[in-house]
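# Chain and residue survey
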Amino acid sequence: MTVSIEYFSGIAQELIGKINRVGHLVKRSNLKSGEYHEEIVRHFLRGFMTKRYTLKTGYVYLNAETTSRQIDILLIDEHVPFTYMFQEGDFVIVRPEPVIAAMEIKTKLDRSEFRKAFGNIVVAKKIKQKALAYYGHIFGAVFGFFSNKTIDNSILDAWFKDSLVSGHSSDPGILWPDEIFFFDNELTLSLHETDGPDIRGNYFYSAIHPSKGADYKALQLALLVGIIFAICDSEDQNQKGRFPTFNIDTFMKSEGVRVGPERFSPGQGQWIEGQG
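What you are looking at is a predicted structure, and each value in this text was computed from that prediction instead of being measured.

### What about empty space enclosed by the protein?
- Per the counting criterion, the structure on display carries 1 cavity of 30 Å³ or more.
- Considered as a void within the structure, the largest cavity measures approximately 30 Å³ in volume.
- Residue lining of the largest cavity: Leu45, Leu55, Ile73, Leu74, Leu75, Ala101, Ala102, Met103 and Ile228, and that is the complete set.
- Here the lining of the largest cavity is built from residues that sort into 9 nonpolar, no polar and no charged.

This is how it looks when you write it as structure tokens:
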């Protein structure tokens, strides 16, 4: 799929405009704007998908003892039979088999929300893996629109060393969120597997930054759409393991981004590539 970056630049400005209008109207009330922000992302993604795939919110259910926390966005393959345990509108309790992506959408991604979102994705991934073993992969993402402060390496180091996030260092890295988007900070953390054994583990996050002058908000949306498109377009390949990665590889080599030397992982925090 090839779409000009100008197209995504227009969408990025549209999303920001909608979020700012809603925030201005409800900031002095008890209304919850977060749910609308989830709907903004769902509406954006629906424009790229066929009716075979739907976007819902709810729980991934294997049995009464094995149920996820509520996930903001679930991407579901409607061709899988006996999908739902319950559904009403966009709210569902769904079997693990048809779930191919899970996303947490955060209006303000602070340390507390990062901790919860990271854990929610891990739990959802564990359930599908328990249901389908090797074939049970879910693409997982955390998308934060805003942050109360600039997210720099020292903050990320502290977040990944947080006691609850560090607890996931004992989980296989493939169960961690695949992509973490800091939309307003123009930063993406992308999960990668090491080329060989490493004392810090087999998985880590690369930090992707914009090149000078690049519209990185548009590039982040292009990356998200590229991944979702790859998942939906290559469902047979997706069922054989991790989701197709060619979009990420192409993205990381594009002129609009640069990949920093810093690496992150739960429990380890930050380190620099090539340093012990």
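Structure shown, so let's carry the discussion forward.
### Focus: the packing of aromatic side chains
- In the structure shown here, the tally under the stated rule is 17 aromatic pairs.
- Seen from their ring centres, phenylalanine 114 and phenylalanine 118 are 5.9 Å apart, and the 50° between their planes marks the pair as tilted. You can see phenylalanine 114 and its partner phenylalanine 118 sitting in helix α3 (residues 111–132), 4 residues apart, about one turn around the helix. For the residue pair phenylalanine 114 and phenylalanine 118, the accessibility class agrees, reading buried in each case.
- Relative to phenylalanine 160, the ring of phenylalanine 114 lies with its centre 5.4 Å away and its plane at 75°, an arrangement referred to as edge-to-face. With phenylalanine 114 in helix α3 and phenylalanine 160 in helix α4 (residues 153–160), the pair connects residues that are 46 residues apart, well separated along the chain.
- According to the relative accessible area criterion, phenylalanine 114 is buried, its value standing at 2%.

### What to know about unusual backbone geometry
- Unlike most non-glycine residues, phenylalanine 82 shows phi in positive territory, near 55°.
- Within the secondary structure, phenylalanine 82 sits in the loop between β3 (71–77) and β4 (84–88).
- Judged by its relative accessible area of 77%, phenylalanine 82 is exposed.
- For glutamate 186, which is not glycine, the phi torsion reads 55° and is therefore positive.

### As for the pattern of salt bridges
- Enumeration according to the criterion identifies 15 salt bridges in this entry.
- Among the ionic pairs, lysine 106 bridges to glutamate 113, the shortest N-O distance being 3.2 Å.
- Exposure remark for lysine 106: the relative accessible area of 12% places this residue in the buried category.
- Across the pair lysine 217 and glutamate 186 runs a salt bridge whose closest N-O atoms are separated by 3.4 Å. Taken as a pair, lysine 217 in helix α6 (residues 216–233) and glutamate 186 in the loop between β8 (179–182) and β9 (187–193) lie far apart in primary sequence, 31 residues in all.
- Judged by relative accessible area, which is 16%, lysine 217 ranks as buried.
- Three or more residues are tied together by salt bridges with common partners; here these are Glu39, Arg42, Arg46, Lys56 and Asp90.

Criteria and cut-off values
Residues numbered from 1 in each chain as written. Predicted model: local features only at pLDDT ≥ 70, side-chain atom pairs only at ≥ 80, totals over all residues. Heavy atoms only, no water. 1 Å grid on protein atoms, 1.4 Å probe; cavity = no way out; pocket = protein on both sides within 12 Å on 5 of 7 lines; lining within 4 Å. Points joined across faces, edges and corners; volume = space filled by probe spheres on them. Nonpolar A, V, L, I, M, F, W, Y, C, P; charged D, E, K, R; others polar. Phe/Tyr/Trp six-rings, centres within 6.5 Å; stacked < 30°, edge-to-face > 60°. Helix = DSSP H or I, 4+ residues; strand = E, 2+ residues; numbered from the N terminus. Buried < 20%, exposed > 50% of the residue type's maximum accessible area, 1.4 Å probe, protein only. Salt bridge = Lys/Arg side-chain N within 4 Å of Asp/Glu carboxyl O.

Nothing here speaks to function; it is all geometry.
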